[in-house]
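Descriptive structure summary
Given next are the chains, with one letter for each unit.
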Amino acid sequence: MNIKTMEGLVGSNINMELLNTPFRVYKEARRKEDTATMERAMGYVVECSDKAQEYKEETKKGMQEDAETAKEKEKLELEKAIQKRKEEQENLEETIEENKNEDINTDMIEVSEEGKALLQENSIVNNTNSNSIGSDCSVFSKTTGDKPFAIYTRNGTVNKSEQNINISISI
């Protein structure tokens, strides 16, 4: 809250309370039919009323200043938010560009518990080479004389490769 607003509210309130005393004197003088005291008391009432009105105007000015300050603050916060969004967008674009430039394309797979069990069984039966990936999973690679492994491109076509291929899967 602005200082002018607080001063205006307090000053207006005090002058409205002070207005009660001369007004009470006016009523008492009217009952006694004392016109001189009535005029003097009404002078004080008008004076207190005028001061309360001045403080009211000061309160309005203070509230306008508060509104302007709030608008400026909101504008600055909006500019900061816009700048932050631009930076995030630039970072995202850089990340996308880096990902486009990478030669290595990786795919993630998840092996179920049943699949892990089958892999373990095949390793015992076929005595294939195993590469340990983690404590929970092993990956086996082997080549067969009948059917060579095939690597597929993004278009879905087969990329012909050598017979002896070592396959490793990262999970």
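Residues numbered from 1 in each chain as written. Predicted model: local features only at pLDDT ≥ 70, side-chain atom pairs only at ≥ 80, totals over all residues. Heavy atoms only, no water.

Thoughts on the overall build of the protein chain
Our working definition: Starting at the N terminus, helices and strands are each numbered in turn, a helix being any DSSP run of H or I of at least four residues and a strand any DSSP run of E of at least two. We get accessible surface area from the Shrake-Rupley algorithm with a probe of 1.4 Å; when it comes to residues, only the shown protein chains can shield them.
Counting its secondary structure elements, the protein chain contains three helices and four strands. Helices and strands appear in the protein chain in the N-to-C order α-α-α-β-β-β-β. Only carbon and sulfur atoms are counted for the fraction: they give 50% of the accessible area of the protein chain, which is about 14700 Å².

A closer look at unusual backbone geometry
Located in the positive-phi region is Glu33, a residue other than glycine, with phi close to 60 degrees. By the secondary structure assignment, Glu33 is in the loop between helix H1 (3–32) and helix H2 (35–101).

Things to note about the packing of aromatic side chains
Cut-off, in case you're wondering: Two rings from Phe, Tyr or Trp (for Trp, the six-membered ring) form a pair when their centres are within 6.5 Å of each other. A pair whose planes differ by under 30 degrees is stacked, one over 60 is edge-to-face, and the rest are tilted. Each residue is placed in one exposure class: buried if its accessible area under a 1.4 Å probe, protein chains only, is under 20% of its type's maximum, exposed if it is over 50%, and partly exposed if it falls in between.
For the structure shown, the criterion picks out one aromatic pair. Aromatic side chains Phe23 and Tyr26 sit 6.1 Å apart centroid to centroid with 20 degrees between the ring planes, which places their arrangement in the stacked category. One end of the pair, Phe23, and the other, Tyr26, are both in helix H1, three residues apart, so they sit about a helical turn from each other. Residue Phe23 is classed as partly exposed on the basis of its relative accessible area, which comes to 36%. On the basis of relative accessibility, which here comes to 18%, the residue Tyr26 falls in the buried class.

Some thoughts on the confidence of the model for the protein chain
What counts, and what does not: Confidence of the predictor at the level of single residues is given by pLDDT, which spans 0 to 100. Pairs of residues are marked as contacts when any of their non-hydrogen atoms sit within 4.5 Å.
On average, residues of the protein chain carry a pLDDT of 77, and 70% of them reach 70 or more. Averaged pLDDT values for the elements of the protein chain fall to 41 in strand E2 (residues 138–141) and rise to 90 in H2. Of the regions scoring below 50 in pLDDT, residues 128–146 engages in 37 contacts with residues more than four places distant in sequence or in other chains.

Points about the side chain of Thr5
The criterion, for reference: Definition of a polar contact: a pair of N or O atoms within 3.5 Å, with one able to donate and the other able to accept a hydrogen when the atoms are protein atoms, and with sequence-neighbouring residues admitted only if both atoms are side-chain atoms.
Structurally, the position occupied by Thr5 is in helix H1. Note on Thr5: relative accessible area 3%, which makes it buried. A distance of 3.4 Å separates the side chain of Thr5 from the side chain of Asp66, its partner in a polar contact. With near-sequence residues (within four places) excluded, Thr5 lies in contact with Thr59, Gly62, Met63 and Asp66.

Points about the pattern of salt bridges
What counts here: Between Lys or Arg on one side and Asp or Glu on the other, a salt bridge is scored when a side-chain nitrogen of the former is within 4 Å of a carboxyl oxygen of the latter.
Taken as a whole and judged by the stated rule, the model has four salt bridges. Glu88 serves as the salt-bridge partner of Arg85, at 3.7 Å between the closest nitrogen and oxygen. Placement of the pair is Arg85 and Glu88 together in helix H2, with a separation of three residues, close to one helical turn. Its relative accessible area of 57% is what places Arg85 among the exposed residues. Relative accessible area serves as the criterion here: at 39%, Glu88 is assigned to the partly exposed category. Across the salt bridge formed by Lys116 and Glu113, the nearest N and O atoms sit 3.7 Å from each other. Placement of the pair is Lys116 and Glu113 together in helix H3 (residues 113–126), with a separation of three residues, close to one helical turn.

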